[in-house]
Amino acid sequence: MPYFLKLSLFSLVLLLAGCSQPESEPTPPVPAPKELIRSETFSPLGQSNSYDLTAVYQRYPYLSGPSYIDETALYFYASNEKNSFIFRYSLTDQKLQKLYTTKQSIYKLVGVGRQLFLIRYQDHANDSTWTLETMDLATGSIQQLDQGTEPEHFYPDLQTAATHVSWIKHMKKNRQTQSLVQKYDAATGYVTTQKTLTLKETATRSGDYAQNLRDGDGGILLDQTTYKADEKTTAYTTLSGKTIKKATMPLDFAYGRHYLATGAEGNALFQSHGSNRTSYYYTTPEPYDLTDAFCFLSADRVVFREEQHQLLYADLINGTVVPLTDKEGEYSKPVFTNGRLGYSVLRDDGTLHFHLIQIKK
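Residues numbered from 1 in each chain as written. Predicted model: local features only at pLDDT ≥ 70, side-chain atom pairs only at ≥ 80, totals over all residues. Heavy atoms only, no water.

*Asks:* Any details on the overall build of the protein? Residues and values, ideally.
*Replies:* Of the regular secondary structure elements, the protein holds 2 helices and 32 strands. Overall, the C-alpha framework of the protein stretches about 100 × 55 × 40 Å when taken along its three principal axes. Taking all 361 residues of the protein together, 46% fall into the buried category. Of all intrachain contacts in the protein linking residues separated by at least 6 positions in sequence, the fraction that spans at least 24 positions is 39%. Accessible surface computed for the protein: about 19500 Å², of which carbon and sulfur atoms make up 50%. Averaged over its 36 positive side-chain charges, the protein has a centre that lies 6 Å from the centre of its 39 negative ones. (Helix = DSSP H or I, 4+ residues; strand = E, 2+ residues; numbered from the N terminus. Buried < 20%, exposed > 50% of the residue type's maximum accessible area, 1.4 Å probe, protein only. Contact = heavy atoms within 4.5 Å. Areas by Shrake-Rupley, 256 points an atom, 1.4 Å probe, with all protein chains shown as cover. Lys, Arg positive; Asp, Glu negative; His and termini not counted. Charge placed at Lys NZ, Arg CZ, Asp CG, Glu CD.)

*Asks:* Lay out the environment of Arg340 in plain terms, naming residues and giving numbers.
*Replies:* Inspection of the secondary structure assignment puts Arg340 in strand E31 (residues 340-347). Setting aside its immediate chain neighbours within four residues, Arg340 contacts Ile69, Asp70, Glu71, Leu91, Val335, Ile357 and Gln358. A distance of 3.0 Å separates polar atoms of two side chains, one belonging to Arg340 and the other to Gln358. (Polar contact = N/O pair within 3.5 Å; in protein donor to acceptor, adjacent residues only side chain to side chain.)

*Asks:* Before we move on, could you go through the sheet that holds strand E26 (residues 301-306) and cite the residues and values that matter?
*Replies:* If you walk across this open sheet you meet the 5 strands as E2-E28-E27-E26-E25, and the pairing is mixed. Each edge of the open sheet carries a strand with a single partner, namely strand E2 (37-38) and strand E25 (291-298). (Pairing = 2+ DSSP bridges.)

*Asks:* I'd like a description of the sheet that holds strand E9 (residues 105-112), backed by residues and values.
*Replies:* Overall, antiparallel pairing links the 4 strands, which are arranged E9-E10-E11-E12 in an open sheet. On the outer flanks of this sheet lie E9 and strand E12 (142-151), each paired with one strand and no other. For this sheet the average axis-to-axis angle between neighbouring strands, irrespective of direction, equals 15°. (Axes fitted to C-alpha atoms, helices over the stretch in contact; angles between N-to-C directions.)

*Asks:* Outline unusual backbone geometry, listing residues and values.
*Replies:* Even without a glycine there, the phi angle at Arg175 is positive, about 60°. Within the secondary structure layout, Arg175 lies in the loop between strand E14 (164-173) and strand E15 (176-185). Arg175 sits in the exposed class, given a relative accessible area of 56%. Even without glycine at this site, Ala293 takes up a positive phi of about 60°. Along the chain, Ala293 turns up in strand E25. Overall, Ala293 belongs to the buried group, its relative accessible area being 5%.

*Asks:* Lay out the packing of aromatic side chains with the relevant residues and their values.
*Replies:* What the rule picks out here adds up to 17 aromatic pairs. Seen in terms of ring centroids, Tyr51 and Tyr89 are 5.9 Å apart; in terms of plane orientation they differ by 75°. Their pairing is edge-to-face. Of this pair, Tyr51 sits in strand E3 (residues 46-52) while Tyr89 sits in strand E7 (residues 84-90), and the two are 38 residues apart along the sequence. Take Tyr51: its relative accessible area is 11%, and that puts it in the buried class. Between Tyr331 and Tyr343, the aromatic rings sit 5.8 Å apart at their centres with planes inclined by 45°, giving tilted as the arrangement. Linking Tyr331 in strand E29 (residues 329-331) with Tyr343 in strand E31, this pair joins segments that are 12 residues apart in sequence. Three or more aromatic residues link up through ring pairs in this structure, and these residues are Tyr60, Phe76, Phe85, Phe87 and Phe354. Seen from the ring of Tyr227, Arg205 lies directly overhead, with NZ or CZ sitting 5.2 Å from the centre. (Phe/Tyr/Trp six-rings, centres within 6.5 Å; stacked < 30°, edge-to-face > 60°. Lys NZ or Arg CZ within 6 Å of the ring centre and 35° of its normal.)

These figures come from the coordinates and say nothing about function on their own.
In structure tokens, the structure reads:
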């Protein structure tokens, strides 16, 4: 076959092949979030009960809000000038029981099933040593799960899901800092490392580092920083590596099955992910009010705090937000376990009450 004929046939094949390729469709733009519609009319989320713990607060002025709730009791920690304590408060007879005493400070207390988990720490000049322990509520026995040393008085923030507890542990060696994502499975009783990030602390930093995580129905989400050529970027990242864009200067965040909730000065953002849900934002009455302490009641219902003086309830199915409480005083971060929402409020008159709401499904 003549050369020019071969060339013509080859060109024709290329032309036909090019015509057969489907045209690439442009990526549809991400819809802008809608503003939540605020209403002052509120229907209760469920039966509510109040418990007066003023006498305990007067004796132990450094008292947390409810940390864990089971079928018969709520658990919290408190401290005085010498010691820190964990208490059990019976919901049936309102009796107080001291479960644990330590000369160190307690940073966090959570629970899963019939176990409590606590971080206790000791500050030093340039760092802090910490220990993670678990308490069996049936026997009262204590078991150490992990320990470490953190710079700049940082302590692991325990996060819980239905069957496990997770946290981040940092290890520094040979000019490298490793961020270990740890998980304790209550069913097996084992601690496993879910992911390790490595940051090289050379003249030019490179690698990845995570300071915080959130856990829940959506899985584990890391607040991750990546260094490259001494430039850094920050994003929320799943364990599988999926990145969710980080809002500007968030103060707090929570990760649910359908939404990433972030709080900042003057607003809160509820960003949908992996679903066809609508994203929403909420603007505070005053531009400098802070939003934080997000607590998912379900995939589309979340309670959060505004300026520590009020709790709000957002319904992300209907796009509404309403006050959950009056502005009665200073509110603790809410906790939701075993179908109950718990929080404390310290009023201006010095009284302190714990509130529990049995959430309707």
